[in-house]
Amino acid sequence: MNPEESLVLHRDLHRRYPEITHGIGIDLFDRTGKRYLDGSSGALVANLGHGRADIAAAMAEQAREVAYAHTLTFTTRALEDMAWIVNELLADQFRWYTYPTSGGSEAIETAVKLARHVQMLRGQPGRHRILSFRPSYHGNSLGALAVSGDPVRKRPYEPLLSPSFVHAPPISEECAGVGLDGCCPCLANVSATLQESGPDSFAAVILEPVTGSSRSGFVPHAGFFQGLVDLAHKTGLLVIADEVMTGFGRTGRMLGSDHHGLRPDMFTAAKGLSGGYAPMGAVVVGEPLYRELQDAPAPFLNGFTYSGNPVSVRVAGKALQILRDEHLVERSRAMGERLAAGLQDLQQRYAIIRRIRGRGLMQGLLLEGRPGLAARIVQRALDTGLILYLGHGEAEGGDAEHILIGPPLVIDEAGLDRLLALLGGALRFVQTY
Ligand SMILES: Cc1ncc(COP(=O)(O)O)c(C=O)c1O
């Protein structure tokens, strides 16, 4: 689309955006007929692939039945069913309860407010701080941006962001791990960060179990998550897992937290929850916390006009059914192993790849620290028909140039081979020129 002919305030007013007309499976097509293999499911969203008639039918049926009923007054079958299937998929020894939102940032802010609400119920009104990590990305609304450890995205808005959000230094990729004393330098950094502001002033800690766009596929080392949960609970903090990108199958397990053998007190979800067929997010709360909320004298003061929108939650319920019935979590694991092996082959051929990291169909390429390298690869791939997700982290520690690869979970072997061939072409081009 020529910028001169558009009245849309696009993200970049000087860029020509190809106009997408339709999608089928792992591919998108633009108005000129060009095919793009969606190697990143957009922003790791389109987990079920594009153009699904089964989801379209569920949406249409829901829109015909009822498209809006305010959750201040009503519930709907679609909302109730979605919460049941979330609980079923988590298959835990206790129940999980779903608070619907319209996306990841809303879910993050809701989780932060919920943590604060619980601390007030516990008689701890001084607990207002939230601990997260550098680098991290938790969303773009002001609250979610404040949670994020992302100096570049935050810089222009710094005066608008609350100082209640405190960030621990990066979790080391080279850490030898948690020792017999249950600690490691990374956990010691967390303790020191809490000590600086006073541990009693913190309501919660937020962590991505497998890091998304700020650190493409980084997985905290063995024992870290457990150590963090132990430290948090000992110090009175709630643990929130940000599963917006990792949740519901992306990493080859139902939740990213499952790779650490842990369930948090609550987690956020979005993207894969509806596979992008409708704006959708959620905060999912474990039964112990739910009981505390149930006993509260006052309800949780929060809510959005589109929370629990019947069409969105119907889509989410249908998407989760498909995830279950088509065994897409297992598929993500198997295809993820094949993708990782293919990426390792590419690493042998292209020295600009420093590291491959991730789980399931969420794989990151950490590149040489040459500024702009990742962007060049992403652009070349797009030109030749492959969509990749450009990471953005902090240059500190040389972790700034990276790319996230995360095709729809429905991808098959032939699709992966095509993805790897296109990626190899982009790497060859950038390494050569
Ligand atoms: C880990 C994580 N948390 C939160 C968000 C924010 O979600 P949304 O863009 O739906 O507001 C994102 C978005 O990319 C994310 O990757």
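Below or above, wherever it landed, is the structure these notes cover.

Cut-off values and rules
Residues numbered from 1 in each chain as written. Predicted model: local features only at pLDDT ≥ 70, side-chain atom pairs only at ≥ 80, totals over all residues. Helix = DSSP H or I, 4+ residues; strand = E, 2+ residues; numbered from the N terminus. Rg over C-alpha atoms; globule rule 2.2 N^0.38 Å. Buried ≥ 20, exposed ≤ 12 C-beta atoms within 10 Å, placed from the backbone. Contact = placed C-beta atoms within 7 Å. Pairing = 2+ DSSP bridges. Axes fitted to C-alpha atoms, helices over the stretch in contact; angles between N-to-C directions.

### A word on the overall build of the chain
Item 1. Regarding its fold elements, the chain presents 14 helices and 14 strands.
Item 2. Taking 433 residues into account, the globule formula puts the C-alpha radius of gyration at 22 Å, and the chain, at 21 Å, falls close to it.
Item 3. Considering only C-alpha atoms, the chain reaches an extent of 60 × 55 × 45 Å along its principal axes.
Item 4. Within the chain, buried positions represent 49% of all 433 residues.
Item 5. Here the contacts in the chain between residues at least 6 apart in sequence split such that 71% fall between residues at least 24 apart.

### What to know about the sheet that holds strand β10 (residues 281-286)
Item 1. As summarised here, the arrangement of the seven strands in space is β4-β10-β9-β8-β7-β5-β6, forming an open sheet in which the pairing is mixed. Where the open sheet ends on each side, the last strands, each with one partner, are β4 (96-101) and β6 (165-168). Going from strand to strand, the sheet's axes swing by 25 degrees on average, the running direction of each strand aside.

### Some thoughts on the sheet that holds strand β2 (residues 27-30)
Pairing between sheet strands relies on hydrogen bonds along the backbone, with the strands arranged either parallel or antiparallel.
Item 1. Taken together, the three strands give an open sheet; going across it, the order is β1-β2-β3, and neighbouring strands pair in antiparallel fashion. With partners counted over all chains shown, the strands left at the sheet margins are β1 (20-24) and β3 (35-37), one partner each. On average, adjacent strands in this sheet sit at an angle of 25 degrees to one another, irrespective of strand direction.
Item 2. Relative to β3, β2 runs antiparallel, the two sharing three bridges. Paired with D27 across the two strands is L37, which belongs to β3.

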